[in-house]
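Inside the fold
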Amino acid sequence: MNPERPDDRTILTSSDPEFISELSEYLDVLASPIRLHILSFIGTKPRTVRQISHEIATSYENTKKHLTKLLSLGIIRKEIGVSDEPVNQGQPVFYYMLVPDGLNHAAHNLTIFSSVAGKSNPDLSKQAIAAQNGLHTIFPSGPGLVVMNGSEQGRTIELTGTMYRVGRIEEGWDGIAPEPAVLLNDEYRSVSRVSRPHVWLKKQAGFWTLADGNSKGGTYVNGKPITHDFVVLKEGDRIELSPGTLGVNLTFHSGKKDLNHNL
């Protein structure tokens, strides 16, 4: 009989107490309203501990503890920089920011964990759903999109009109069109230009719908390709324009409370 390999003794499954303990801790970190507030606050701009502490109205020490928890999940990172605050201007400080694709990975992990936990541990499944619902709180209060990757990660786009063209901004674009536009920066080079939109967003019969604009890179909703025919978007739908590092991932938020829908 072959001796047991070291790797065989360290594999964790959904029935292992160690796995369950680590998963529970992961879910607990993401379920905290204060930590979700922090993620929202640093989503569009790197912040110092003092800036975060002031925003969430708690002590410097407590803020550091929350940041340590988020750092342990790999959702945020810290980098040294120069302070622009009047009290210590020009002094070296640490800035905290979201890691690339951090929100996207967190949402994806919660979907997986909810499915895994639900098969063997109903309590963990409820905890995963609670964490998913909590993550929704950093999304727009009304209908909108959240950018989940790249340099615009964390950007929220509120949908207040009835129809939008969505694409990458281009030189000379003056915005003259019958409908407004959702403009993405040039980093997302696989996304079609806005003059020939990658996708169209349209509100119809009270629902937001999406259609591909004959883009080269394609459009996917929850991993399934769509065509020029409009499809209805639901709370938490994941939208990919040109999947890959040069495309953009978006999450749709309906603005309606749907606490049982997974991200």
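Structural notes, computed from the coordinates. (Residues numbered from 1 in each chain as written. Predicted model: local features only at pLDDT ≥ 70, side-chain atom pairs only at ≥ 80, totals over all residues. Heavy atoms only, no water.)

1. As for the sheet that holds strand β4 (residues 156-158)
- Pairing within the open sheet is antiparallel, and its six strands lie in the order β4-β3-β13-β12-β9-β10. Of all the strands in the sheet, the pair left with one neighbour each is β4 and β10 (224-225).
- As judged from the three bridges shared by strand β3 (residues 144-147) and β4, these two strands associate in the antiparallel manner. Residue pairing across strands places Val146 opposite Thr156, the latter belonging to β4. (Pairing = 2+ DSSP bridges. Helix = DSSP H or I, 4+ residues; strand = E, 2+ residues; numbered from the N terminus.)

2. Thoughts on unusual backbone geometry
- Its identity is not glycine, yet Ala205 carries a phi of approximately 50°, on the positive side.
- Mapped onto the secondary structure, Ala205 falls in the loop between β7 (199-204) and β8 (207-212).

3. Here we look at the nonpolar core
- Judged by nonpolar contacts, the single largest core of 32 residues is most densely connected at Tyr26, Leu27, Leu30, Ile52, Ile75 and Ile76.
- Among the elements of the structure, α1 (17-31), α2 (33-41), α3 (49-56), α4 (60-73), β2 (92-98), α5 (102-120) and α6 (122-135) are those that each provide at least two residues to this core.
- Here this core gets six residues from one element, more than from any other, and that element is α1.
- In contact with Ile52, not counting residues within four places along its chain, are Ile38, Phe41, Ile42, Arg47, Thr63, Leu67 and Tyr96.
- One finds Leu145, Val147, Val182 and Val248 within the second-largest nonpolar core, a separate group that totals 22 residues. (Core = buried A, V, L, I, M, F, W, Y, C linked by side-chain atoms within 4.5 Å. Buried < 20%, exposed > 50% of the residue type's maximum accessible area, 1.4 Å probe, protein only. Contact = heavy atoms within 4.5 Å.)

4. With respect to the pairing of β3
- Burial along β3 is two-sided: Gly144 and Val146 facing one way and Leu145 and Val147 facing the other are all buried.
- Pairing analysis gives four bridges linking β3 to strand β13 (residues 248-253), with the strands arranged antiparallel. Bridge pairing in β13 links Leu145 to Phe252.

5. Some thoughts on the side chain of Ser215
- Among the secondary structure elements, Ser215 is positioned in the loop between β8 and β9 (219-221).
- A polar side-chain atom of Ser215 sits 3.2 Å from a polar atom in the side chain of His198.
- If sequence neighbours within four positions are ignored, Ser215 has contacts with Ser192 and His198. (Polar contact = N/O pair within 3.5 Å; in protein donor to acceptor, adjacent residues only side chain to side chain.)

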